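# Inside the fold
Residue strings, one per chain:
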Amino acid sequence: MDALSLLSYLAFFSVFAGIFAVMALGLNLQWGFTGLFNVGVAGFVAIGAYTSALLTGPEDAARFGGFGLPILVGWLGAMALSGIAAFIVGVAALRLREDYLAITTFGIAVTIQLVALNATAITGGPFGIQSIPKPLAGWLGTGLAWNLGYLALVLAVLAAVWWGLERLVASPWGRVLRSIREDEAAAASLGKRAAAFRLQSFVMGCMVMGLGGALYAHFVGYIAPEDFLPILTFQIWAMLIVGGSGNNAGAVLGAVLVWAIWTVSGGALREMLPVAEQARGAALQVVLIGVLIAVILVVRPRGLLGERATVSRHAAKVSPPPS
C-alpha cells in the first residue's frame, strides 16, 4: 500500500470513528451520567439519517422528500425529529426501570427499522435512499481531498458536541443527573423532579445520536434499513463500555479503539476465510468485541478512562478537611 492509499484509508477510518464517537457521546449522556439503559440507539440514529436525507436530497418521484435544503438544515432537522421521537418515547418508557426500559427501547428500535423497511413511499424501502448530497463535494470533488475535508467537518462537530456536553455535565444540571443515577429517591427528597431530568437527558442524548446518523448519511451517500440493525447498538455500547462510561473522553477513546478492532478483524477474516464461510466468520467480530469487553470489565471495571470523581471545578479547589 503506497502512502496515498494509506492516507485515504486513514481518512476513511477516522471519519467513521468520529461519527461513532458522536453517537457514543449521546449514549454516555444517557447511561454514563443518568443511568438510562437505552438499547434503541440504532433506531434514533436511523431517524436522524433518514430525516437529513429526505430534507437535503434531490427530488424523487417514487417517494416523499427530496426538498434540496441546505445540509445544515438537514442536520438540525435530524436532531429535532430525533428529539421529538425521543420525547414521545420517553414520556411513556422512562417510567420503566433497568431491564424493562432496555426491552422497550430495543423494541422501539426494531420497530423503526421495520418501518424504514416497509414505508417505501417515504424511505425507499429495502432499496433505501440514494444520491444523498455530500457537503463540500462541489469544491473538493469526491476523492481524497473530500474525505479529508469531511473528516475536518466531523472532527469540528465532534469537538462541539464534546465541549457542549462537558459544560452541561459539569454544571448543576449535570450533577443532578449523577445524583439521580446514584439514588433517585434521595434526589427527589431534595426537591429535584427526577422524571423531568431523566426525560431531558434522554431527549438530548437521542438528538446527538440523530446528528450522528445525519453525519453518517452524508458521508456514505446512501442509506438503507440494513444500516441500522441491532448490531449498531451493540457497537456503540461496546465503545462506551471499553472507553469508560461517565467520561466523555472515554466515550471518544472507546469509539476509536473498538472501531479499529472491528475493521482490522473484519479485514483479517476476509483474508483468512474462504468466500463461502465469510458470512459465518463475520460473527467472530462480535465474539472478539465481547471478549474485549469481558477483559476490560475484569481488569478495569470502569473502562479505560473511568469516571472522574470531581465533577465541579469549584469542588476541586476545596481542600479536604484535616484528618
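Below, the discussion takes up the overall build of the protein. On a plain count of helices and strands, the protein comes out with 15 helices and zero strands. Here the C-alpha atoms of the protein give a radius of gyration of 20 Å, agreeing with the 20 Å that 2.2 N^0.38 yields for 323 residues. In the protein, buried positions account for 47% of the 323 residues. Counting contacts in the protein only where the partners sit at least 6 residues apart, residues at least 24 apart contribute 78% of the total. Summing over all exposed atoms, the protein offers an accessible surface of approximately 15,600 Å²; the carbon and sulfur share of this is 70%. Counting 18 positive and 14 negative side-chain charges, the protein places the centres of these two groups 13 Å from one another.

Let us look at the side chain of Thr123. Along the polypeptide, Thr123 turns up in helix α5 (residues 120-123). On the accessibility criterion, Thr123 (8% relative accessible area) is buried. Within the structure, Thr123 has its side chain in polar contact with the backbone oxygen of Ala116 (distance 2.5 Å). Once you skip the residues sitting within four places of it in the chain, Thr123 turns out to touch Tyr50, Val115, Ala116, Gly128 and Ile129.

Turning to the environment of Gly250, a few remarks are in order. Here Gly250 lies in helix α12 (residues 248-272). Judged by its relative accessible area of 0%, Gly250 is buried. Taking the C-alpha atoms as reference points, Gly250 and Gly191, 59 residues apart in sequence, are found 31 Å from one another. Discounting chain neighbours no more than four positions away, the residues touching Gly250 are Met239, Gly243, Gly244 and Leu305.

Next up on the list: helix α14 (residues 283-299). An ideal rise of 1.5 Å per residue puts 24 Å on 17 residues; α14 measures up with 25 Å between its terminal C-alpha atoms. Those residues of α14 that are buried are in contact with α11 (230-243), α12 and α13 (278-281).

The N-to-C vectors of helix α2 (residues 41-56) and helix α4 (residues 98-118) enclose an angle of 35°; their axes lie 8 Å apart at closest approach. Contacts between α2 and α4 pair Gly43, Ala46, Ile47 and Tyr50 from the former with Ala109, Ile112 and Ala116 from the latter. Taken together, the residues of the contact of α2 with α4 break down into six nonpolar, one polar and no charged.

A separate point is the packing of aromatic side chains. Throughout the structure, instances matching the rule amount to 17 aromatic pairs. Measuring from centroid to centroid gives 5.4 Å for Tyr150 and Phe219, while their planes differ by 25°, and the two rings are stacked. Residue Tyr150 is located in helix α7 (residues 144-169), and its partner Phe219 is located in helix α10 (residues 194-220); the two are separated by 69 residues in the primary sequence. For Phe219, a relative accessible area of 5% translates into the label buried. One aromatic cluster is present, formed by Phe12, Phe16, Phe20, Tyr50, Trp146, Tyr150, Tyr216, Phe219, Phe228 and Trp259 through successive ring pairs.

Cut-offs applied
- Residues numbered from 1 in each chain as written.
- Predicted model: local features only at pLDDT ≥ 70, side-chain atom pairs only at ≥ 80, totals over all residues.
- Heavy atoms only, no water.
- Helix = DSSP H or I, 4+ residues; strand = E, 2+ residues; numbered from the N terminus.
- Rg over C-alpha atoms; globule rule 2.2 N^0.38 Å.
- Buried < 20%, exposed > 50% of the residue type's maximum accessible area, 1.4 Å probe, protein only.
- Contact = heavy atoms within 4.5 Å.
- Areas by Shrake-Rupley, 256 points an atom, 1.4 Å probe, with all protein chains shown as cover.
- Lys, Arg positive; Asp, Glu negative; His and termini not counted.
- Charge placed at Lys NZ, Arg CZ, Asp CG, Glu CD.
- Polar contact = N/O pair within 3.5 Å; in protein donor to acceptor, adjacent residues only side chain to side chain.
- Expected span 1.5 Å × (residues − 1).
- Axes fitted to C-alpha atoms, helices over the stretch in contact; angles between N-to-C directions.
- Nonpolar A, V, L, I, M, F, W, Y, C, P; charged D, E, K, R; others polar.
- Phe/Tyr/Trp six-rings, centres within 6.5 Å; stacked < 30°, edge-to-face > 60°.

Nothing here speaks to function; it is all geometry.
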